[in-house]
Every structure is written in C-alpha cells, then in structure tokens.
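Understanding the architecture of this molecule
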Amino acid sequence: MGYKMMVQVSSLNQYSFCPRAVYLSKILKLKPEFSLERSRGLISHIIRRELSIRQSKLLGKIRDVNDLNSTLLGELDRILEDAPHIYRGLLGEVEYNRYIPELRSEILHEIEAMRDRLRFMIEEIGFEHALNIITPWRVEYTVRSKKLRLSGRIDKIMRNPSYIPVEIKTSSVPDGIWAGDRLQTCAYAMLLEDKFNLKEPIPFGFVEYTRVQEKRPVMTTEQLRRKVLETRDEIIDIFNGDIPEICPHGNGKKCQSCGYKGQCYDI
Ligand code: SF4
C-alpha cells in the first residue's frame, strides 16, 4: 500500500465540511484564496492553540493563586511576540501586526475564563492535583497506522490511565460538537488504540473549544468508528479518481464561507 493511500485525519474533518474541498486541496493542490478574514483566522488559531498548549507549564510556574492573572497575561504577550518567528513559514506574507490589537482584546475574555476555571480547580483540589489533571502526557503527537490507513498529529493526549485524545479547536463554537470534530477525535482514539495495541477501546476523547474554554466529550461509539472508516474510504476513492460535484452538500452558505469558492465553480 502506497503512502498516498494514507488519509490524514484532518482530511476527515475537511471531507465532513465538503468532499470537493478535499479534491481541490489534495488532488489539485489548490490553496485557499487570500482574504483578510482568513488571515485573521490563521493568526487567531496560532495564538489560541499555543495558549492552550502552554497552559499546564504556566500553572507549574506559580505557587500563589493570585499570580494566575498576571502569569496568563504575561504568557499571552510572549506568544504574541514569539508567534511571527515560530510560525514564519505558515504566516508567509500575512500582515501579522494588523490583527493583533483586536485579537488580543478578544482573547483577554478567554483568559479571564481560563483564570477562573484554574482558580476554581486549585481551590478545590490543590495545585498538585490541578496540575496533574491539566498536564498532557504528550502534545503534538504524530501517529500513523498502516492497518487503519490513517495518520495525524494529536494536539494533546491525556492519561487517566487510558489515553484520551484532545483536539483543540479555535474557531466558531457549535451548540454541541461539529460532525467533523467528532470524526477527527474518534479517529485519533482509534490510532492510539492501534499504536499502543490496547486491549480495551478508548471510550472517549475531547474537543477543546478554546473560545468558550470548554472541553466537550466525544464518545467513540461503534457507529462513529464505522463513520470514520467510511469517510476514510470515500477520501481514498477521491485519491483514486472520483471527483466530487460542486456543492455536494447543497448548502450554499458553506460555499460562501469557503476559501475555494473563487476557484471551485470554474473547474
Ligand atoms: S466552494 Fe462549495 S463546493 Fe467548492 S469546495 Fe467550497 S464548499 Fe465545497
């Protein structure tokens, strides 16, 4: 089986949004068009994700709950300063500084929620337990399986003692969980089961919606596992020559917000 027949887990999410987007990005290698909104979204994603990943390190640094606010704010400013250097390749020509004042004030609200949640945990169970609960076993963990024909990078893995994958999402927050986020989280659980040859299935993972500072559980049911494999197979069909039609979901709003809309309808 060739490398090309491995499906990236993020493609399951993209397929759930629109199968044709997978065709345009993976087969035709098109890039989403530039827009101010998209640039802002990219920077917002980088900063919010970085803050989420650094959270446990921050808690490890403080010994007084009253230091939480200043420590979180200090880290936010460090991230804002570091990001253009760390993510130079990803940001490309994006005018980084243009978006920062507005984004910073947006994220300040999330920091307040993060601070309150951490403060509550510390006051209830103490520093050490709080630190244990929020510290991932691994971050940005790459995993692949020839058997599952899937590969991906898991944002965080918690241990309890089972493995719990956590997918960080920084954009809009649904009432429940986006279907694509469910697929992605379940696929990561399946990859971890395969990687560590687990005897017991991983029963759930989490999607962390950073804008509301909530981790929402995804149960890895048989039905969802089957859906992961079906979606993978449909993506492999695209690799093998299937071309999804324009607007296959029949939802014009998706096309309006899609980065490929200017190219997709002309192909
Ligand atoms: S423009 Fe519409 S049909 Fe084309 S990739 Fe985007 S969402 Fe899919």
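Residues numbered from 1 in each chain as written. Predicted model: local features only at pLDDT ≥ 70, side-chain atom pairs only at ≥ 80, totals over all residues. Heavy atoms only, no water.

There is a patch of nonpolar side chains on the surface, built from I27, L28 and I267 and spanning about 230 Å² of accessible area. One can find I27 in helix 2 (residues 19-27). (Patch = residues over 30% accessible without salt bridge, like charges linked within 9 Å, V, L, I, M, F, W, Y side chains within 5 Å. Areas by Shrake-Rupley, 256 points an atom, 1.4 Å probe, with all protein chains shown as cover. Salt bridge = Lys/Arg side-chain N within 4 Å of Asp/Glu carboxyl O. Helix = DSSP H or I, 4+ residues; strand = E, 2+ residues; numbered from the N terminus.)

This next bit is on the packing of helix 1 (residues 9-17) against helix 7 (residues 179-195). Between helix 1 and helix 7, the shortest axis-to-axis distance is 8 Å and the interhelical angle comes to 155°. Considering the angle they form, helix 1 stands roughly antiparallel to helix 7. Helix 7 is crossed by helix 1, and the crossing has right-handed handedness. Of the residues in helix 7, those touching helix 1 at V9, S10, L12, N13 and S16 are A179, G180, D181, L183, Q184, A187, Y188 and L191. Here the contact of helix 1 with helix 7 is composed, by residue class, of seven nonpolar, five polar and one charged. (Axes fitted to C-alpha atoms, helices over the stretch in contact; angles between N-to-C directions. Parallel < 35°, antiparallel > 145°, perpendicular 65-115°, else oblique. Left-handed = near helix turned anticlockwise from the far one by under 90°. Contact = heavy atoms within 4.5 Å. Nonpolar A, V, L, I, M, F, W, Y, C, P; charged D, E, K, R; others polar.)

Right, let's talk about the domain arrangement of the protein for a bit. For the protein, the assigned domains read domain 1 (3-33 + 137-239) and domain 2 (36-134). Between the C-alpha centres of domain 1 and domain 2 the distance comes to 24 Å. The partner domain 2 presents 14 residues to the 14 residues of domain 1 that form the contact. A buried area of about 1200 Å², summed over both sides, lies between domain 1 and domain 2, and 47% of it is on carbon and sulfur atoms. Three residues, T170, R211 and Q213, lead the burial of domain 1 against domain 2; their summed loss comes to 44% of the area buried on that side. We note a salt bridge from E106 to R211, for which the minimum N-O separation is 3.9 Å. Remark: the boundary between domain 1 and domain 2 carries seven residue pairs in polar contact (both at pLDDT 80 or more). Counting residues per element, the ones that place at least two in the side of domain 1 that touches domain 2 are strand 2 (138-145) and strand 3 (150-159). With four residues, the single largest contributor to the side of domain 1 that touches domain 2 is strand 3. Here the residues of the side of domain 1 that touches domain 2 sort into four nonpolar, three polar and seven charged. (Domains from an automatic or database assignment. Buried area = accessible area lost by both parts, 1.4 Å probe. Polar contact = N/O pair within 3.5 Å; in protein donor to acceptor, adjacent residues only side chain to side chain.)

Attention now goes to the side chain of T210. For T210, the position within the fold is in the loop between strand 5 (204-209) and strand 6 (214-219). The buried category is assigned to T210, whose relative accessible area is 3%. The residues touching T210, leaving out its near neighbours within four places in the chain, are R48, S52, E110, I168, K169 and T170. (Buried < 20%, exposed > 50% of the residue type's maximum accessible area, 1.4 Å probe, protein only.)

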